[in-house]
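# What the coordinates show
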Amino acid sequence: SKPLVAVVGRPNVGKSTFFNKVVGKRVSIVEDTPGVTRDRIYAEAEWSGIHFALIDTGGIEPESKDVILSQMREQAEAAMDTSDVILFMVDGKDGITASDREVAAMLMKTGKKIVLAVNKIDTAKIPDDFYDFYELGLGEPIPVSAANMLNLGDLLDRIIESF
Ligand code: GDP
Ligand code: MG
């Protein structure tokens, strides 16, 4: 069966935007309100002739008492359990947050292959604080702009290399 890639990260980093661009249609809901992806959304995709499946998840917001967020967290954990590769997405405009660090620690415990994407890098010039994302300990961060479809090819190359 096809390799399965779960897109995880905290709400509002751009997971659903990325998912829709890669899938090539508007399957997942993109909203300015954080956390609208309440269910796991599955679609098939292809890059460089390699077929794989993508799961968009609700964001993970660690230690949240909020019911919706904790449900999304369960969805994300279930998606991670079944996936072959985890695409961890963070927000390059926000910089590293405490939640990112907690999610990164949680992801490392899964033992799965992890690809780190820093979204919302909307210009060709990489901001200086981009390099802070190395601190997450997940290897080389890949700058992308899902909304503007910048560098998504490099990210997809990295994903299929990890299968
Ligand atoms: P999710 O909660 O992680 O699924 O995030 P969404 O895909 O719903 O996006 C959250 C917000 O970020 C929306 O307002 C998107 O338009 C915006 N967004 C997504 N990707 C980018 C990007 O590459 N650059 C910028 N500037 N905004 C983005
Ligand atoms: Mg979403």
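Notes on the structure follow. Computed from a predicted model, the values in this text were never measured in an experiment.

## Re the overall build of the protein chain
If you tally the helices and strands in the protein chain, you get four helices and six strands. Starting at the N terminus, the α and β elements of the protein chain follow one another as β-α-β-β-α-β-α-β-β-α. When contacts within the protein chain are restricted to residue pairs at least 6 apart in sequence, those whose partners lie at least 24 apart make up 66%.

## Quick look at the sheet that holds strand 1 (residues 4–8)
Reading across the sheet, the six strands line up as 2-3-1-4-5-6 and stay open at both edges, with mixed pairing between neighbours. Taken across any chain shown, the strands that pair with only one partner, and hence form the sheet edges, are strand 2 (41–47) and strand 6 (142–143). Both strand 4 (residues 85–91) and strand 5 (residues 113–119) contribute to a ladder of seven bridges, which runs parallel. Bridging from a neighbouring strand, Leu87 pairs with Val115 of strand 5.

## Comments concerning the pairing of strand 3 (residues 50–56)
In this structure, strand 1 lies alongside strand 3, joined through four bridges in parallel fashion. In the sheet register, Val5 faces strand 3, and the bridge partner there is Leu54. Of the pairings in the sheet, the one linking strand 2 to strand 3 comprises seven bridges and is antiparallel in character. Looking at strand 3, one finds that Glu44 is bridged to Ala53. Connecting strand 2 to the antiparallel partner strand 3 that follows it, the hairpin turn spans two residues, and Ser48 within it adopts a positive phi of roughly 50°.

## Considerations on helix 1 (residues 15–23)
Looking only at helix 1, the buried set comprises Lys15, Ser16, Thr17, Phe18, Phe19 and Val22. In this fold, the buried residues of helix 1 make contact with strand 1, strand 2, strand 3, strand 4, strand 5 and helix 4 (152–161). Positioned one or two residues after helix 1, Gly24 has a phi angle of 90°, which is positive.

## What about the nonpolar core?
Core analysis: the biggest nonpolar cluster contains 38 residues, and Ala6, Val7, Val8, Ile86, Leu87, Phe88 and Ala117 have the highest contact counts within it. Mapped by element, the contributors of at least two residues to this core are strand 1, helix 1, strand 3, helix 2 (67–82), strand 4, helix 3 (98–110), strand 5 and helix 4. The dominant element in this core, judged by the number of residues it contributes, is strand 4, at six residues. Dropping the residues within four chain positions of it, Val7 is found in contact with Lys15, Phe18, Phe19, Leu54, Ile55, Asp56, Thr57, Leu87 and Met89.

## As for helix 3
Across its 13 residues, helix 3 extends 19 Å between first and last C-alpha, which sits within 8% of the 18 Å expected from 1.5 Å per residue. All of the buried residues along helix 3 are Ser99, Asp100, Val103, Ala104 and Leu107. For helix 3, the arc enclosing every buried residue in end-on projection is 135°, short of the 170-degree limit, so these residues lie on one face. Along helix 3, the residues that are exposed and aim more than 90 degrees away from the buried face are Ala98, Ala105 and Lys109. Those residues of helix 3 that are buried lie in contact with strand 4 and strand 5. Positioned one or two residues after helix 3, Gly111 has a phi angle of 70°, which is positive.

Thresholds applied
Numbering of residues starts from 1 in every chain and runs along the sequence as written. Chain letters start at A and ligand numbers start at 1, both assigned in the order the entries are written. In keeping with the predicted nature of the model, local features appear solely for residues at pLDDT of at least 70, side-chain atom pairs appear and are counted solely at 80 or more, and the whole-chain, interface and lining totals rest on all residues. For the purposes of this entry, the term helix denotes a DSSP run of H or I that reaches at least four residues, the term strand denotes a run of E that reaches at least two, and both are numbered from the N terminus. It is the C-beta atoms, placed from the backbone, that decide contacts: two residues are in contact if theirs lie within 7 Å. Here, any two strands with at least 2 DSSP bridges between them count as paired. To assign burial, the other C-beta atoms lying within 10 Å of each residue's own C-beta are counted, with C-beta atoms placed from the backbone; 20 or more indicates buried, 12 or fewer indicates exposed, and intermediate counts indicate partly exposed. Structurally, a nonpolar core is described as a collection of buried Ala, Val, Leu, Ile, Met, Phe, Trp, Tyr and Cys residues joined by way of C-beta atoms within 7 Å. An expected span of 1.5 Å times one less than the residue number is assigned to each helix. Read the arc as the range of directions from the helix axis to the C-beta atoms.

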